[in-house]
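The chain contents come next:
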Amino acid sequence: MSVLKITKVGDPVLRQRCRELSLEELRSPEIQQLIDDMIETTRAAGGAGIAANQVGETVRIAVAEVRPNHPRYPYKPPIPLTVFVNPVIEPLDDETVEINEGCLSIPDLRGTVDRYLNVRVRYLDRDGTEHDEIKRGLTAGTFQHEVDHLDGILLLDRVRDPKTFTTWDEFNRHHRDAFVAHAEAIVARVGS
Ligand code: ZN
């Protein structure tokens, strides 16, 4: 496994819609290697997830994983390692919540976006098995963030109020406590 270079905002690859993979491609050694490398890269960077175009590949693969006491997002409920291929997300209703997010491709910036509170995610895992799951709360936000990447969308595009942009230091200094209380209220309500 190897740690790959993470593409940064301004790289046109982050603005491309990634293409679906066939089952045959998914099972190829090259794609399985890419998945291993994406997992390694997410962990090395301390991210909560990564999409293939964040390592320069325009295929619909993303990874999410939040371990307890995550270094960048300690308030996020754990997400077991999930590899999702050809994901399709549908909101279950119209309700949205504000979530303050960061992104490995946008160094030292955070901003507040609206995310659907409850979504259905259908995807293939790395073996090609179909999954159909409900995700809620902050976890739903993480899946929406990664699928946005596969559609060429960055959190920058979703920020409604540019005044919510902060560096990580200024977030910790001025906004963290209020956001953590807000995040805990979401988790208390929907369980994730
Ligand atoms: Zn991101």
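Owing to the predicted nature of the structure, the values given are computational and were not obtained by experimental measurement.

1. Describing the packing of aromatic side chains
Here comes step 1: Counted according to the given criterion, the structure contains six aromatic pairs.
Here comes step 2: With 6.3 Å between their ring centres and 85° between their planes, Y73 and Y75 make a pair best called edge-to-face.
Here comes step 3: Accessibility expressed as a relative area gives 5% for Y73, which makes it buried.
Here comes step 4: Put simply, the rings of Y73, Y75, W168, F171 and F179 pair up and form one aromatic cluster.
Here comes step 5: The ring of F171 carries R110 above its face, with NZ or CZ at 3.8 Å from the centroid.

2. Some thoughts on the state of the cysteines
Here comes step 1: By the definition in use, this model includes zero disulfides.
Here comes step 2: Counting only cysteine sulfurs, C103 is the nearest neighbor of C18, a cysteine outside any disulfide, at a range of 13 Å.

3. Structural notes on the layout of surface pockets
Here comes step 1: Space inside the largest pocket adds up to approximately 260 Å³.
Here comes step 2: Every residue lining the largest pocket is counted, 15 residues in all, and those nearest its centre are R115, Y116, Q144, D148 and R158.
Here comes step 3: For the lining of the largest pocket, the element with the most residues is strand β3 (residues 79-91), which contributes four residues.
Here comes step 4: Looking at the lining of the largest pocket residue by residue, the class counts come to seven nonpolar, two polar and six charged.
Here comes step 5: Its volume calculated, the second largest pocket comes out at about 180 Å³.
Here comes step 6: If you go around the second largest pocket, the residues you meet are E98, I99, N100, T112, T164, T166, F171, H175, A178, F179 and H182.
Here comes step 7: Taken together, the elements giving at least two residues each to the lining of the second largest pocket come down to β4 (96-103) and α5 (168-190).
Here comes step 8: For the lining of the second largest pocket, the element with the highest residue contribution is α5, accounting for five residues.

Definitions and cut-offs
- Residues numbered from 1 in each chain as written.
- Predicted model: local features only at pLDDT ≥ 70, side-chain atom pairs only at ≥ 80, totals over all residues.
- Heavy atoms only, no water.
- Phe/Tyr/Trp six-rings, centres within 6.5 Å; stacked < 30°, edge-to-face > 60°.
- Buried < 20%, exposed > 50% of the residue type's maximum accessible area, 1.4 Å probe, protein only.
- Lys NZ or Arg CZ within 6 Å of the ring centre and 35° of its normal.
- Disulfide = S-S within 2.5 Å.
- 1 Å grid on protein atoms, 1.4 Å probe; cavity = no way out; pocket = protein on both sides within 12 Å on 5 of 7 lines; lining within 4 Å.
- Points joined across faces, edges and corners; volume = space filled by probe spheres on them.
- Helix = DSSP H or I, 4+ residues; strand = E, 2+ residues; numbered from the N terminus.
- Nonpolar A, V, L, I, M, F, W, Y, C, P; charged D, E, K, R; others polar.

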